[in-house]
Amino acid sequence: MVRTALVTGASRGIGRAIAFALARDGHQVGVNFSSSSGPAADVVAEIEAAGGKAIALGADVSDAAAVDAMFTEAAAQLGPVEILVNNAGITADNLLLRMTPEDFDRVLAVNLRSAFLCSRLAVKAMLRARWGRIISIASVAGIAGNPGQANYAASKAGLIGFTKSVAKEVGSRGITANVVAPGFINTDMTEGLGAEVKESVLGSISLGRFGEAAEVAAAVAFLASEAAGYITGQVLAVEGGLAL
Amino acid sequence: MEKTEIETRLRDVLVSELGLDADKINRSANFETDLDVDSLGVVELLMAMEDEFGVKIPDDEAEHIHTVGEAIDLVHGKLNV
Ligand SMILES: NC(=O)c1ccc[n+]([C@@H]2O[C@H](COP(=O)([O-])OP(=O)(O)OC[C@H]3O[C@@H](n4cnc5c(N)ncnc54)[C@H](OP(=O)(O)O)[C@@H]3O)[C@@H](O)[C@H]2O)c1
């Protein structure tokens with residue numbers, strides 16, 4: 001069945017791969033971005049070239065008014081959103097003693113508040129449809145913690161509690177809510193890691209390599225599918241055996 | 001808008017949007033006890049009423065809606081000020 005999906009932060013990295021995977025499964029995709037309008041247009045073009053349907057939706061997902069406008073636009077052009085992927089995320093790393101309140105708030109707003117703002121609008125249409133999928137991209141940092149990422153880990157752990165609560169609230173209406181928690185994935189976000197850090201991280205990954213965005217996207221596509229209809233409130237780690 | 005028109009439209013919404021049993025809907029029917037509407041269903045009811053009649057129903061007013069008749073009265077009061 002063709003559904004309307006909205007992927008936040010789909011101009012680059014993992015979100016981009018998720019947009020491709022959902023389009024390949026036959027869904028129409030809203031490709032959200034905040035500043036990368038060129039890359040977002042490229043994602044749309046690539047989906048269209050493969051015979052799919054997609055539109056680019058510019059919006060800072062931490063901004064309630066911008067999120068409202070984005071959902072209105074998505075509904076007008078593609079129909080009500082039935083698959084929501086809360087993927088947009090940022091880091092602003094620093095040790096606790098050096099972390100500013102601004103960096104804490106910004107990370108919480110983009111990574112966690114955004115999921116609240118988007119989910120509450122998406123759920124409205126999902127309730128009507130008696131069907132829906134909410135998938136939020138957290139991180140292993142939100143499960144195990146990570147030095148230098150108190151703000152980021154808090155936002156990702158927050159997504160897990162948020163998701164479990166929403167899953168309980170709307171489960172009776174055929175709507176599922178799940179989390180995918182990636183480990184180290186090759187994207188712009190991890191590109192900045194120093195060689196030393198990468199080397200030491202690799203030693204603790206059972207599969208001995210970083211993951212690819214498409215490997216996270218495959219998990220998301222599964223949770224978005226009809227086949228995953230009996231899975232809700234779960235955290236699916238895609239991390240190459242990091243925490244074993 | 002007359003109460004009878006509000007009642008007709010509300011009845012349609014309750015059946016089509018909330019999937020309620022048309023035979024059980026009357027003014028004295030209690031949403032929770034007679035119509036089996038759960039807490040999320042109450043929220044759906046409010047959303048549907050807001051959309052259907054173009055009114056805003058804040059939480060403190062929503063608390064007073066227990067029966068179909070009370071829902072009709074609330075909408076009637078809002079549309080006829
Ligand atoms: N890479 C990893 O190893 C890894 C591991 C665990 C979890 N994750 C999580 O996976 C998600 C995607 O990460 P990634 O590695 O793909 O990151 P990325 O390559 O840095 O891409 C981030 C995406 O989010 C968008 N974005 C950022 N701020 C936004 C805002 N305020 N509003 C709307 N969009 C915004 C960006 O769009 P613009 O360029 O337009 O701003 C971009 O498309 C994030 O939630 C991240 O925390 C990543």
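### Digging into the overall build of chain B
Logical step 1: Scanning chain B for helices and strands turns up four helices and zero strands.
Logical step 2: For 81 residues, the compact-globule estimate of 2.2 N^0.38 gives 12 Å, and the C-alpha radius of gyration of chain B, at 11 Å, lies within 12% of that figure.
Logical step 3: Considering only C-alpha atoms, chain B reaches an extent of 30 × 25 × 20 Å along its principal axes.
Logical step 4: Out of the 81 residues in chain B, the part that is buried amounts to 42%.
Logical step 5: If you take every contact in chain B between residues at least 6 apart in sequence, the share linking residues at least 24 apart comes to 55%.

### Concerning the overall build of chain A
Logical step 1: On a plain count of helices and strands, chain A comes out with nine helices and seven strands.
Logical step 2: Against the compact-globule benchmark of 18 Å for 244 residues, chain A has a radius of gyration of 17 Å, which places it among compact chains.
Logical step 3: Seen along its three principal axes, the alpha-carbon backbone of chain A occupies a region of about 45 × 35 × 35 Å.
Logical step 4: Counting over 244 residues, chain A shows a buried share of 51%.
Logical step 5: For chain A, the share of sequence-separated contacts (at least 6 apart) that also reach a separation of at least 24 residues comes to 73%.
Logical step 6: Accessible surface, chain A: about 11000 Å² in total, of which carbon and sulfur atoms supply 56%.

### Observations concerning the interface of chain B and chain A
Logical step 1: With eight residues of chain B at the contact, the number on the chain A side is eight residues.
Logical step 2: Taken as a group, Leu40, Glu44 and Met47 of chain B account for 62% of the area that chain B buries against chain A, more than any other trio of residues on that side.
Logical step 3: Taken together, chain B and chain A are joined by five salt bridges.
Logical step 4: Between the two partners, chain B and chain A, sit five residue pairs in polar contact (both at pLDDT 80 or more).

### Comments concerning the sheet that holds strand β6 (residues 175-182) of chain A
Residues and elements named next belong to chain A.
Logical step 1: In spatial order, the strands read β3-β2-β1-β4-β5-β6-β7; together these seven strands make up an open sheet with parallel pairing. Edge positions in the sheet fall to β3 (54-58) and β7 (235-238), since each has one partner strand and no second. For this sheet the average axis-to-axis angle between neighbouring strands, irrespective of direction, equals 20°.
Logical step 2: Bridge count for strand β1 (residues 4-7) against strand β2 (residues 28-33) is four bridges, and the pairing is parallel.

### What about the site of the ligand?
All names here are of chain A.
Logical step 1: In the vicinity of the ligand lie 33 residues, with Ser34, Ser36, Asn87, Tyr152 and Thr187 positioned nearest.
Logical step 2: Between the ligand and Gly183 there is a distance of 3.4 Å, counted from an oxygen atom to a backbone nitrogen or oxygen.
Logical step 3: Out of a free accessible area of 900 Å², the ligand has 94% covered by protein chains.
Logical step 4: Going through the elements one at a time, α1 (13-24), β2, α4 (101-129), α6 (150-170) and α7 (188-191) are the ones with two or more residues in the shell around the ligand.
Logical step 5: Ranked by the residues each element gives to the shell around the ligand, the list is headed by α7, at three residues.
Logical step 6: In the shell around the ligand, the residues fall into 15 nonpolar, 13 polar and five charged.

### Looking at helix α1 (residues 3-16) of chain B
Residue and element names in this part refer to chain B.
Logical step 1: Taking 1.5 Å as the rise per residue, α1 with 14 residues should run 20 Å; its terminal C-alpha atoms sit 20 Å apart, in good agreement.
Logical step 2: Within the sequence span of α1, burial applies to Ile6, Glu7, Leu10, Val13 and Leu14. What you see down the axis of α1 is that its buried residues fit within an arc of 130°, all on one side. Exposed residues on α1 whose side chains face more than 90 degrees from its buried face are Thr4 and Ser16.

### Examining the confidence of the model for chain B
Logical step 1: Summing up the model confidence of chain B, the mean pLDDT is 94 and the portion of residues at 70 or higher is 100%.
Logical step 2: Here the predicted complex scores 0.95 on pTM and 0.82 on ipTM.

### Re the pairing of β1 of chain A
Residue and element names in this part refer to chain A.
Logical step 1: Side chains of β1 alternate between two faces, with Thr4 and Leu6 and Ala5 and Val7 buried alike.
Logical step 2: For β1 and strand β4 (residues 83-86), the ladder comprises three bridges, and the chain directions are parallel. Bridge assignment links Ala5 to a residue of β4, and that residue is Ile83.

Quick notes on the rules
- Residues numbered from 1 in each chain as written.
- Chains lettered and ligands numbered in written order.
- Predicted model: local features only at pLDDT ≥ 70, side-chain atom pairs only at ≥ 80, totals over all residues.
- Heavy atoms only, no water.
- Helix = DSSP H or I, 4+ residues; strand = E, 2+ residues; numbered from the N terminus.
- Rg over C-alpha atoms; globule rule 2.2 N^0.38 Å.
- Buried < 20%, exposed > 50% of the residue type's maximum accessible area, 1.4 Å probe, protein only.
- Contact = heavy atoms within 4.5 Å.
- Areas by Shrake-Rupley, 256 points an atom, 1.4 Å probe, with all protein chains shown as cover.
- Buried area = accessible area lost by both parts, 1.4 Å probe.
- Salt bridge = Lys/Arg side-chain N within 4 Å of Asp/Glu carboxyl O.
- Polar contact = N/O pair within 3.5 Å; in protein donor to acceptor, adjacent residues only side chain to side chain.
- Pairing = 2+ DSSP bridges.
- Axes fitted to C-alpha atoms, helices over the stretch in contact; angles between N-to-C directions.
- Near = heavy atom within 4 Å.
- Nonpolar A, V, L, I, M, F, W, Y, C, P; charged D, E, K, R; others polar.
- Expected span 1.5 Å × (residues − 1).
- Arc of directions from axis to C-beta.
- pLDDT = per-residue confidence, 0-100.

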